[in-house]
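Summary of structural features
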Amino acid sequence: MMIGVVIGITALTMVVAAALGAQERIIERVKQFGYDTLMVHAGGEVERGGAATGEVTTLKIDDAEAIMLEVNSVVEVAPFNRRGRSDVVYRDKSASASLFGITPGWTAVWNWHVSAGDFITGREMEQMDRVCVIGTTVQRELFGDADPIGEVIRVGNVPFEIIGVMESRGVSAGGGDMDNRVFIPLSTFMRRVANVDHIYGIRVLLGSVRNVDAAALEISALLRERHNLSPGVPDDFTVRTPDDVQAMVEGMLGTFNLLLILVAGISLLTGGIVVANIMLISVNERRREIGLRKAVGARKKDITTQFLMEAAAVTITGGLIGIVLGAAGALLLETVTETPATISWISVAVGVVFSALVGILAGLQPAKRAALLQPVDSLRS
Amino acid sequence: MKKILIEAKNISKVYGMGADTRVVALDDVSLEISEGEFIALMGASGSGKSTLMNILGCLDKPGSGTLLLDGTDVSLMTDDELAMVRNKKIGFVFQSFHLLGRTSALENVELPLLYSDRTHITDLARKALEAVGLSDRVHHLPGELSGGQQQRVAIARALVNDPEIIFADEPTGNLDSRSGLEIMTLIQQLSEQGRTIVIVTHEPDIARYAGRIIQITDGKITSDEINTDRIIASGNITTGGSINTGSNYMAGGNIPAGGSINTGTNTIIGGSITSGSNITTGTSDTGKTAPVSPALSETSSALF
Ligand SMILES: Nc1ncnc2c1ncn2[C@@H]1O[C@H](COP(=O)(O)OP(=O)(O)O)[C@@H](O)[C@H]1O
Ligand SMILES: [Mg+2]
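Right, let's walk through the structure included here. Bear in mind the structure is a predicted one, so any value in this text is a computation, not a measurement.

**Thoughts on the overall build of chain A**
Within chain A, the secondary structure is distributed over 13 helices and 10 strands. Residues counted as buried form 47% of the 381 residues belonging to chain A. Summarising the internal contacts of chain A: among those between residues at least 6 apart in sequence, 76% fall at separations of at least 24. Total accessible area computed for chain A in this model is approximately 18600 Å², and 60% of it derives from carbon and sulfur atoms.

**Things to note about the pattern of salt bridges**
By the definition in use, this model includes 21 salt bridges over all chains. The residue R195(B) makes a salt bridge to D162(B) at a minimum N-O spacing of 2.7 Å. Taken together, the residues R195(B) in the loop between α6 (177–192) and β8 (196–201) and D162(B) in the loop between α5 (147–159) and β7 (165–169) connect sequence positions 33 residues apart. Each of R286(A), E289(A), R293(A) and E310(A) takes part in a single network of salt bridges with overlapping partners.

**Observations concerning the pairing of strand β9 (residues 201–206) of chain A**
Residue and element names in this part refer to chain A. In terms of residue burial, β9 counts as a mostly covered element, since 6 of its 6 residues are buried. Residues G201, R203 and L205 of β9 are buried on one face, and the alternating residues I202, V204 and L206, pointing to the opposite face, are buried as well. In terms of strand pairing, strand β2 (residues 74–90) meets β9 through 6 bridges, oriented antiparallel. Looking across to β9, one finds that E76 is bridged to L205.

**Thoughts on the side chain of D179(A)**
Residue and element names in this part refer to chain A. Summarising the element assignment, D179 is placed in the loop between β7 (158–166) and β8 (181–185). It turns out D179 is buried and unbridged, and the closest side chain with the opposite charge, R140, is 6.4 Å from it. Not counting the four nearest positions on each side in its chain, D179 is found in contact with W112, G135, T136, T137, V138, E167, S168, R169 and G170.

**Structural notes on the sheet that holds strand β5 (residues 72–73) of chain B**
Residues and elements named next belong to chain B. One open sheet accounts for 4 strands, arranged β2-β1-β4-β5; its pairing is antiparallel. The strands lining the two open edges of the sheet, one partner per strand, are β2 (23–34) and β5. Taken together, the 8 bridges between strand β1 (residues 4–15) and β2 define a ladder with antiparallel strand orientation. Across the sheet, the residue bridging to V14 is V24, located in β2.

**What about the site of ligand 1?**
Close to ligand 1 lie R380(A), Y15(B), V23(B), A25(B), A44(B), S45(B), G46(B), S47(B), G48(B), K49(B), S50(B) and T51(B), which account for all nearby residues. Ligand 1 sits at a junction of chains, with neighbouring residues supplied by chains A and B. Contact distances for ligand 1 include 2.9 Å between an oxygen atom and a backbone N or O atom of K49(B). A distance of 2.5 Å is found between an oxygen atom of ligand 1 and a side-chain nitrogen or oxygen belonging to T51(B). The set of elements that each furnish at least two residues to the shell around ligand 1 consists of β2 and α1 (49–56) of chain B. Residue contributions to the shell around ligand 1 peak at 3 residues, all from α1(B).

Cut-off values and rules
Residues numbered from 1 in each chain as written. Chains lettered and ligands numbered in written order. Predicted model: local features only at pLDDT ≥ 70, side-chain atom pairs only at ≥ 80, totals over all residues. Heavy atoms only, no water. Helix = DSSP H or I, 4+ residues; strand = E, 2+ residues; numbered from the N terminus. Buried < 20%, exposed > 50% of the residue type's maximum accessible area, 1.4 Å probe, protein only. Contact = heavy atoms within 4.5 Å. Areas by Shrake-Rupley, 256 points an atom, 1.4 Å probe, with all protein chains shown as cover. Salt bridge = Lys/Arg side-chain N within 4 Å of Asp/Glu carboxyl O. Pairing = 2+ DSSP bridges. Lys, Arg positive; Asp, Glu negative; His and termini not counted. Near = heavy atom within 4 Å. Polar contact = N/O pair within 3.5 Å; in protein donor to acceptor, adjacent residues only side chain to side chain.

Set out below in C-alpha cells:
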C-alpha cells in the first residue's frame, strides 16, 4: 500500500516541480520582454494565425524607420527578419540554427549584448557584409571550447565571418532556444540570403513604461496610413504590448496548469483505487484481528477509526517519502537534462494533503466493511 | 445463594436457509449459569458447543429464544451494546489463541482496556500477565512464546477487564498434553479464586476439571450434572472451592435438586492429595469414576 502511494507522490512531486520550474522560466522570459517595449508583427491577427498562407509581406524596413522618426516616445527600433532551421556548417561540422537578420539597434532594444567580440555595426549593415554573431549553442556545437571569432561558417552556402558571440539567454517565451541563433545584418539577410524586401517584425523600445498604450495606438495609426488601409479594412500588422504578451502566456500557462491538474488528478485517483483495493485485501487478511478486537469490546466506530487512521498514516508516510524522492528526482533531472525544477512548499503541502485525502477516501469503504463484520464470522476464518 | 449470571431460555440457532443446507446447530436449549461455577460444555465435534458458547458470550446472536445476562435481556441489544457488554463482563479464550502477532504480550493484554474507559492500562495488563505467571515475558511477541505461554497471554487478556465470566473454547485443543495441563491448572486456579468459567471441550479428560459437565448432542442438552470425578490439577490448590461449585449449581436451580447424594471421588494430580467430596444431583451416571488417563498421569507427574 505504501509503495503505491510513494510512487504516486514521487511522480506527482516531480511533475509539479518540473512544471513549476518551466512556468518560472517562462515568466522570467516574459519579464525579460520588458515592460517598456512593443512588438510589431507583419500580418493581422487572422493572417498570423493562418500559417498556411505563406510569408506575410506587408511590413517593410521603411516602416521601422518611420516609427523611429514619427512616434515621439520611441527611443530605438529593431526591425528583423528570420528563418528557422538553417544549416550552419563549419569545416566538417554542421548544426541547425535560426538565422536572424537584425540591425545595430537590436542590442539596445533587447538589452542583449555580446559576451565576446563585437556586435554588428551600422557600417556592416550598409555594406551588407557577410559577418555574423552567434549564440552559445551554435558556438558549442561547432567549436566546442575553441575561440570562434574570426572563423568562417557557411549558412546555406553563404560564408560568414564570425565577429562576436551573444550572451546566453536560454529558453524563449515560446519555448525555443534563444542561444541557437546566428545573427547577420538585416540588409545582408534580405539581399544576399532570403532575397526579400519585407521584414518579419519590429521591436520598439520606448522611453517609459507609461507610453506603451499611447505608442501602440500611434504606431497602429501610422502603419495604417503608410499601408493605405481605408477604414473598415483590418490591420495587416499586429502590435503587441507587454500586457498582450503576458495575457497570452498566462493563457498558455492556464491550459498547462489545467493539464497538470488533470494528470495529477488521474494519478491520485488511480492511486486511490489502488489504496482502496489493498485496504480491502488487508481487511480480508485481518478479519481475525477485527473479529478479535470486536470480541474484546471494539465497537463499529473503533474499527472504522482504526482502519481510517492506518490508511491515513500509511498514505501520509508514503506521501512524505514520495515528496522527498520526488524532490530528489526533480533535482537530478534538472542537473541531467537541464529541465528547470522548482520545489515549492505549496507542492509539498499539496502532496501531503492529497495523500492523506487519498488514504481517508480510499480507506472509507474498506473500513466500513471491516466494522460490519460479525465477530464470530471473522474469528472462524 | 449465589446469584444467577446467565439465564438462557429456549435458545435455537439454525444455519443455512435451503432445505439441504439447513443445519440446526442449537435446538431449544435452556440453562442457567450461576456466579462461581466452573462448567464444561461437552460433546462431539459439530454438536453445537461453540455455537452455544458464542451465544452465551454475546459473541453471536441467538436465532430465537432469550438470553439474560445479569438479568438484562441481551438478545435485544445492538452490535455496539453487545461489544460493550463483552468488554465489561466477558472474557474469551480461543483454541487458536487469537493473539495479534505483531504486538507484544503486554500490548495484546492491553487490547480490551483500549476499548474500555479504564486508566493505567499498562499496570493492569502487567498485573494480569503476572497472574498467569508471565511477568518475565511481557515484551515478547507471540511468535517468541510457546503455545502454552501464548494461551496464558490470551487468558491474561480475558482476565484484564475483571470480567464476570470467562468462556474458553477448546483452550487446550492446540496444545500438547503438558501445556494443556498447565492451562487447565491455571483455569482451575481462576475457578478457585471465584471466577465463573465455561469451557468447551470434546475431551472427557479436560471436562473432568470442571465442577459441572453439560453434555450436548445434536444441538440439544442431553445431560447436565455435577462432576463427581473431578480432577484437581495441582495439589497446591485446596479442593474446598471446587466442592462449592456443586452447591452453586444447586442454587442455580436449573435442574431439580434431589435424588441420592453420592460421594464422588476427586482425583488429585500431583502434590499433596487432599480429599473432598462433590455433591451431585442424579439425572444420570452419577458417581461414576472415570479412570485418570494414563497420558495425563504421565505428563502430570513429569510436570510436578
Ligand atoms: N456459520 C455457520 N454456517 C453454517 N453452519 C454452521 C456455522 N457455524 C456452525 N455451523 C454448524 O453448526 C453445527 C454446530 O457447530 P459448532 O457449534 O461449531 O460445533 P462444535 O463446536 O460442537 O464442534 C455444525 O454442524 C456446524 O457445521
Ligand atoms: Mg467448536
